[in-house]
Amino acid sequence: MTTPTIDGPAATRDLTGPALMRHAERAAELGRSVARTGAVTAKIPELAKVDAGAFGFSVATVEGTELGVGDSDVQFSLQSITKLFALVALLQIEPTAWEHVGWAPTELGYGSVTELERAAGRPRNPFVNAGALIVTDRLLRHTGSAVGRVSTLLRELSGDSATHSDAAVAASEAAADHRNRALAHVLAEHGRLLNPVEDVLGEYYAQCAITGSVLGLARGARFLADRRLHRLVLDSDNIRRINAVLLTSGMYGAAGDIAYRIGLPAKSGVGGGILAALPGVGTVCAWSPPLDLEGNSVGGVAALEHFARTSGWSVF
Ligand code: GLU
C-alpha cells in the first residue's frame, strides 16, 4: 500500500472540455514526475525495449468530449487490459459465463497456483490469470480465434485501426513464461479447459500482446460508462457486474488501495496501461511503462489519483 499523494477535499465534478484538459495536463505532469521511481516489467523481455519515459493520458466522456495529453496516440502492449475486452467478447456469446470464472477478489494474488489448486481449479474471477485463461479458452471454442475476436472487438469499439497483436511480444512471453503454464495445467487437470493446454496458452499470449493507445482505449471502453452504448455492447446487468469486479479485482493486489485513493473501477496491465471508468460520466486512461511492486504503473496511478481528485471523478 502506498500513501495517497493528495489530501484535502475533493473537487465538485467538472465536465467541460477545457476544465478536463486542465486537470488532465496537471495529472500527466504529476504522473510523469514520479514515473521513474518504478521499473519496467521484467516478465516479458520484449517489453523492456519500450521507452520508459513515454507517458500518455486520455479522457472520453459520455457527452462525446475526447482529449489526449502526451503520447496519447502511441500504441503500447495492453497485456492484462485485454482481459476486460476478452470477458466482454465472451459474455456477448455466453452471457452466463460468470459461472466458469467467479467474481470474488483474490487473496493470494493474480497468478496464484495455490489458490487455484485449493478451489479445485475454479478461478476467483476473470481478471486473475487462471480466470483469464478460462475466458480465452471458451472464446477460442466459440469463435475459433480468441485473439482475432478480441482484436476485432477492440478495433470496433475504439475505431483504432492500428490495434494488432504483436507477434514478437507474444513469442517473448511464451519463451519466458512458467506461471501461466502451471495455471493452465492445473485447470486442465481439473477438467476446466475445453481446448488443449498449448492452444489456450498460444491464444492467451497473443491476446495479451494486443496493442492500443490511451485515446483508443478511453473511447473503446466508453460503453462501461455510457448507458446508451451499453445495449449495443452488452446487457446492463453484465455491464454492472463488470464494473463491480473491476473495482474489487481490476488492479491486482492493490484494488483496495486504488478504490481508497481513486474510487473508480479500473484495469491495469504490465505494459503500464490503466483504464478506469466512471459510470454515467466517462472513461480515463493512462500509460506509463514503469511499474510499482504490485505491477501497476507508478505514473499512471499517480496521474489518475490526481485527475480523480481534482475533477471530482469517483463513484463514491
Ligand atoms: N501476459 C501477462 C501475464 O499473463 C499479463 C500480465 C498483466 O498484464 O498483468 O502474465
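Preceding this paragraph is the structure being described.
Residues numbered from 1 in each chain as written. Predicted model: local features only at pLDDT ≥ 70, side-chain atom pairs only at ≥ 80, totals over all residues. Heavy atoms only, no water.

### Things to note about the sheet that holds strand E5 (residues 266-268)
- The sheet built from 5 strands is open, its strands ordered E2-E1-E7-E6-E5 with antiparallel pairing. What marks the edges here is a single partner per strand, and that holds for strand E2 (66-70) and E5. With direction set aside, neighbouring strand axes in the sheet form an average angle of 10°. (Pairing = 2+ DSSP bridges. Helix = DSSP H or I, 4+ residues; strand = E, 2+ residues; numbered from the N terminus. Axes fitted to C-alpha atoms, helices over the stretch in contact; angles between N-to-C directions.)

### Brief notes about the packing of aromatic side chains
- Per the stated rule, a full pass over the model turns up 5 aromatic pairs.
- Ring plane angle 45° and centroid distance 4.6 Å describe the contact between Tyr-110 and Tyr-252, whose orientation is recorded as tilted. Within this pair, whereas Tyr-110 is found in the loop between helix H3 (98-101) and helix H4 (113-118), its partner Tyr-252 is found in the loop between helix H12 (236-249) and helix H13 (255-261), the two being separated by 142 residues in sequence.
- Its relative accessible area of 7% is what places Tyr-252 among the buried residues.
- Here the aromatic cluster, defined as three or more aromatic residues joined through ring pairs, consists of Phe-57, Phe-307 and Trp-313. (Phe/Tyr/Trp six-rings, centres within 6.5 Å; stacked < 30°, edge-to-face > 60°. Buried < 20%, exposed > 50% of the residue type's maximum accessible area, 1.4 Å probe, protein only.)

### Here's the deal with the site of the ligand
- All residues in the neighbourhood of the ligand are listed as Lys-43, Gln-79, Ser-80, Tyr-110, Asn-129, Glu-173, Asn-180, Tyr-204, Cys-208, Tyr-252, Gly-269 and Val-270.
- The contact in question runs from an oxygen atom of the ligand to an N or O atom on the side chain of Ser-80, over 2.7 Å.
- Within the contact set of the ligand, an oxygen atom lies 3.0 Å away from a side-chain nitrogen or oxygen of Asn-180.
- Relative to its free-state accessible area of 300 Å², the ligand is covered by the protein chains to the extent of 100%.
- Here the residues of the shell around the ligand are counted per class, giving 5 nonpolar, 5 polar and 2 charged. (Near = heavy atom within 4 Å. Polar contact = N/O pair within 3.5 Å; in protein donor to acceptor, adjacent residues only side chain to side chain. Areas by Shrake-Rupley, 256 points an atom, 1.4 Å probe, with all protein chains shown as cover. Nonpolar A, V, L, I, M, F, W, Y, C, P; charged D, E, K, R; others polar.)

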